[in-house]
Amino acid sequence: AQSVTQLDSHVSVSEGTPVLLRCNYSSSYSPSLFWYVQHPNKGLQLLLKYTSAATLVKGINGFEAEFKKSETSFHLTKPSAHMSDAAEYFCVVSAFYGGATNKLIFGTGTLLAVQP
Amino acid sequence: GAVVSQHPSWVICKSGTSVKIECRSLDFQATTMFWYRQFPKQSLMLMATSNEGSKATYEQGVEKDKFLINHASLTLSTLTVTSAHPEDSSFYICSARASLRTSGRFGYEQYFGPGTRLTVT
């Protein structure tokens, strides 16, 4: 069965400093992994996606993530945090049940706070 | 880009009544839509997969007679919470699965609606 574990429920950084949000996954298959961001009272927006191509994935808004099979990790990073990055971030794995419909399994989320 | 809307954005209803939530893909067709529930400060939990023209597939533990899903067209899925109770109060989020052509850069992708906050009194 597929699952994801987000190691930190809260992360606080200062504006302009690097961001690291940690995620470990478990999957019986070669997984598809995603990072989504959710701003307060808003829907989810896809930041980036890994689908067995390049292990270093670049997303929107300067975010990137590296797929490390040996560590079963897919950590999200950004070199310099902006105030607008403050939000909830979800690491997600796609569970393949056969056919065309893949289910998304969400981690518990990491709340990123950015201090001025 | 692909946009998904939900209506209403928030609703308050009395215990025992039913509430319908709409999910629309505005600029693309979606044969598959998903319904999630998110309790405060918790993650999203998949409730059911909605397929156009066929019955929805419910996750274990989700009552199909309580959460009625209809996916009558390629751009609309509805979730009806029947005989709502206070414990049904939650943030309900839908997503629509776009095809490779629509998703472009990210290939197959689920686009999420802004959510509907349901409060049952």
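See the structure above.
Trainee: So what's going on with unusual backbone geometry? Residues and values would help.
Mentor: Pro8(B) follows His7(B) through a cis peptide bond whose omega is 0°. Even without a glycine there, the phi angle at Asn61(A) is positive, about 60°. For Ser83(B), which is not glycine, the phi torsion reads 45° and is therefore positive.

Trainee: Explain the interface of chain B and chain A residue by residue, including any values.
Mentor: Across the boundary between the two partners, chain B contributes 24 residues, which contact 22 residues of chain A. Between chain B and chain A, roughly 1700 Å² of surface is buried when both sides are summed, and carbon and sulfur atoms account for 54% of that area. Our enumeration of links across chain B and chain A arrives at one salt bridge. In this structure, Glu59(B) and Lys103(A) form a salt bridge, with 2.7 Å as the shortest nitrogen-oxygen distance. Linking chain B to chain A there are three residue pairs in polar contact (both at pLDDT 80 or more). Those elements that place two or more of their residues in the side of chain B that touches chain A are strand S4 (32-38), strand S5 (44-51), strand S9 (90-98) and strand S10 (109-112) of chain B.

Trainee: Let's hear about the layout of surface pockets: which residues, and what values?
Mentor: A volume near 540 Å³ is recorded for the largest pocket. Lining the largest pocket we find 19 residues, and of these Glu88(A), Gln38(B), Pro40(B), Lys41(B) and Gln42(B) sit closest to its centre. When the residues that make up the lining of the largest pocket are grouped by side-chain class, the tally is six nonpolar, nine polar and four charged.

Trainee: Account for the packing of aromatic side chains, with residues named and values stated.
Mentor: Enumeration according to the criterion identifies 13 aromatic pairs over all chains in this entry. Here Phe106(A) and Tyr36(B) contribute two aromatic rings whose centre-to-centre distance is 5.5 Å and whose plane-to-plane angle is 80°, an arrangement assigned as edge-to-face. Taken together, the positions of Phe106(A) in strand S11 (residues 102-106) and Tyr36(B) in strand S4 put the pair across two chains. The class for Phe106(A) is buried, based on a relative accessible area of 10%. Taken together, the ring pairs connect Phe34(A), Tyr36(A), Phe90(A), Phe106(A), Tyr36(B) and Phe112(B) into an aromatic cluster.

Rules used throughout
- Residues take numbers from 1 onward in each chain, read along the sequence in its written order.
- Chains carry letters and ligands carry numbers; both start at the beginning, A for chains and 1 for ligands, and go up in the order they are written.
- Only residues with pLDDT of 70 or above have their local features reported here, since the model is predicted, and side-chain atom pairs are shown and tallied only from 80 upward, although totals for entire chains, interfaces and linings are computed over all residues.
- Hydrogens are left out, water is left out, and the side-chain values use all remaining heavy atoms of the structure.
- The criterion used for residue contact is that any of the two residues' heavy atoms lie within 4.5 Å.
- Take the accessible area each of two parts loses on contact, using a 1.4 Å probe, and add the two losses: that sum is the buried area.
- Only one rule defines a salt bridge in this text: a Lys or Arg side-chain nitrogen within 4 Å of an Asp or Glu carboxyl oxygen.
- For the purposes of these results, a polar contact is taken to be a pair of N or O atoms within 3.5 Å, where, inside protein, one atom must be able to donate a hydrogen and its partner to accept one; residues adjacent in sequence count only when each atom of the pair is a side-chain atom.
- Helix numbers and strand numbers start at the N terminus; a helix is a DSSP run of H or I with at least 4 residues, a strand a run of E with at least 2.
- Detection works on a 1 Å grid of protein atoms alone, calling trapped sets that fit a 1.4 Å probe cavities and calling open sets with protein on both sides within 12 Å along at least five of seven lines pockets, with lining residues defined by an atom within 4 Å of a point.
- Grid points are joined across faces, edges and corners, and a volume is the space filled by probe spheres set on the points.
- Ten residue types, Ala, Val, Leu, Ile, Met, Phe, Trp, Tyr, Cys and Pro, are classed as nonpolar, four, Asp, Glu, Lys and Arg, as charged, and the remainder, Gly among them, as polar.
- Aromatic pairing here means that ring centres of Phe, Tyr or Trp (its six-membered ring) are within 6.5 Å. Orientation follows from the plane angle: under 30 degrees is stacked, over 60 is edge-to-face, and everything else is tilted.
- Only protein chains enter the accessibility calculation, which uses a 1.4 Å probe; a residue whose area is less than 20% of its type maximum is buried, one above 50% is exposed, and one in between is partly exposed.

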